[in-house]
Amino acid sequence: MFFVDTLEFEGLGNRSYLVGGARAAVAVDPPRDVDQVIAAAAKRGVRIAYVAETHVHNDYITGGPELARITGASYLVPAAAHVSFARTPVADGDTVTVDEGLVLRALATPGHTPHHTSYVLEEDGRGAAAFTGGSLLIGTVGRPDLVEPRLTEELARAQHASAHRLADELDDEVPVLPTHGFGSFCSSSQAEGDATTVGRERTANDALTLDVDTFVAEMLAGLDDVPAYYAHMGPANAAGPAPVDLTPPGRADAGEIAARLAAGEWVVDLRSRTAFAEGHVAGSFNFEGDGKLATYLAWLIPWGKPVTLLADTPERIADAQRELARVGIDRPAAAATGDPAAWIREGERLASFPRARFADLAEVRGRGEEVVVLDVRRDSERAAGHVEGAVHVPVHELYGRLDEVPSGTVWVHCAGGMRAAIAASLLDAAGRAVVAVDDGFDAAREAGLTVTRP
């Protein structure tokens, strides 16, 4: 018998796995904060004998080198991956014995990267689980455009071939356990559902139901924006990341917060968008701690810019610090918790701005008031329909394009409210009058606003 423990990282849309038998296990695509993997192994009472990477990751910092160092595990990395650290190179067909009756077999599945490798767990010689990394995902595959633009079409064709190889070699009942596809921008489209098998993918995955030319054309046409911080992940992983440091940051008082803002550093408020709108430190930005914090903060912040975190509790700071470390934002410059009134100096006041619904926007427009409507969704979302007359600047581009937003009160919206809150905080910090539309986009048409296509 074997076990598979899934470690979910919702903020990044990824999963890691611990799989093994009675005495030993292998960790697949571990996160940078490896203490979670070690705790899972301890709970099972097993030794981590192997750490396996499916590829050099583009969307997060791996904990593979550190986990292998701490546990003494053999570190399995695709042989064709260009890395600068010691590892056990694995090629197509290589096997390792994880525990009695359990063998891990490497299966070359290029496409997401040229060197991508899946791992098939075999129990008593029969395929029992497939760890597919960024190859075969739930209803889709990993995107092929993150390595080198000139290789994109070639890698897209390789994804199609790799998906077919997995389907040809594995029985229908074998679970498919990918790393990406749960919100990660490493996925060529987002997964529907939480679990799948080879058999289900045979009938539901475009890579297995479409001919290669149709599949490639449709996938390349549907590729979305690439988070800017991805440019830093691959090189960091290839070099071998430093161990993570999760010790608490120094405490910032009101004077230090003001000084850091004056120096041009980022002060990030992790509270809910509702709380932030009601009262916040002028000049601070709102990235909700329970949203996609790492993805959007890492996407927007100038790389290497010091960041100070503000939150209602120390636990929220610790959670954010852990999540940010996964994308290479290693050490907050400082942090503060508690009552926002303590984050400003004597004589200063907290800033605020209103929140609204699409019905409120329709009412304002119905009265003939001149307002700016700013749509901060991605291009692919806007293509499906937008509020007539809305200015479009995707949220991940807004910080560098604030001067393109027309004068006047800005009603900013996204698809649900989280990104609108980020954008509203950027505009508010720049001194603009802003209203954050905290509403689902479907409500725009229901409110009587005209929704058109580009």
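From a predicted model like this one, the values you see are computed outputs, not experimental measurements.

Conventions adopted
- Residues numbered from 1 in each chain as written.
- Predicted model: local features only at pLDDT ≥ 70, side-chain atom pairs only at ≥ 80, totals over all residues.
- Heavy atoms only, no water.
- Helix = DSSP H or I, 4+ residues; strand = E, 2+ residues; numbered from the N terminus.
- Buried < 20%, exposed > 50% of the residue type's maximum accessible area, 1.4 Å probe, protein only.
- Contact = heavy atoms within 4.5 Å.
- Core = buried A, V, L, I, M, F, W, Y, C linked by side-chain atoms within 4.5 Å.
- Axes fitted to C-alpha atoms, helices over the stretch in contact; angles between N-to-C directions.
- Parallel < 35°, antiparallel > 145°, perpendicular 65-115°, else oblique.
- Left-handed = near helix turned anticlockwise from the far one by under 90°.
- Pairing = 2+ DSSP bridges.
- Right-handed = clockwise from strand over helix to strand, strands pointing away.

Enquirer: Is there a simple way to explain the environment of Ala362 in this structure?
Expert: The topology assignment puts Ala362 in helix H12 (residues 358-366). Judged by its relative accessible area of 18%, Ala362 is buried. Along the sequence, Ala362 and Pro144 sit 218 residues apart, while their C-alpha atoms lie 41 Å from each other. Those residues within four positions of Ala362 in sequence are excluded, and the remaining contacts are Ala447 and Leu449.

Enquirer: Would you take a moment to explain the nonpolar core for this structure?
Expert: Nonpolar side chains tend to gather and get buried jointly when the protein is soluble and globular. Ranked by internal contacts, the top residues of the largest apolar core, which has 52 residues, are Trp266, Phe287, Leu374 and Leu398. With 7 residues, helix H10 (residues 293-300) is the single largest residue contributor to this core. When near neighbours in sequence (up to four residues on either side) are disregarded, Trp266 contacts Phe285, Phe287, Leu297, Leu300, Ile301, Pro302, Lys305, Pro306, Val307, Thr308 and Tyr399. The next biggest cluster of nonpolar side chains, apart from the first, holds 22 residues, and it includes Phe3, Leu7, Ile48 and Phe85.

Enquirer: Sorry, what's going on with the packing of helix H3 (residues 152-169) against helix H6 (residues 212-222) here?
Expert: Axes are the key here: two packed helices are described by the angle between their axes and the distance separating the axes. Their axes nearest at 9 Å, the elements H3 and H6 cross at an angle of 125°. Here H3 lies oblique to H6, going by the angle between them. When you trace H3 past H6, the crossing you get is right-handed. Contacts from Thr152, Glu153, Ala156, Arg157, Gln159 and His160 of H3 reach H6 at Val212, Asp213, Phe215, Val216, Met219 and Leu220.

Enquirer: So what exactly am I meant to see when it comes to the environment of Leu426 here?
Expert: Position of Leu426 among the secondary structure elements: in helix H15 (residues 418-429). If we ignore the near neighbours within four places in the chain, the residues touching Leu426 are Phe285, Leu300, Leu398, Tyr399 and Leu402.

Enquirer: I would appreciate a short explanation of the pairing of strand E15 (residues 334-337) in the present structure.
Expert: Across a regular strand the side chains alternate sides, sitting on one face of the sheet and then on the other. Taken together, the 4 bridges between strand E14 (residues 307-311) and E15 define a ladder with parallel strand orientation. Counted as the bridge partner of Leu309 is Ala335 from E15. Once the chain exits E14 it traverses helix H11 (residues 314-325) before rejoining the sheet at E15, and the crossover so formed is right-handed.

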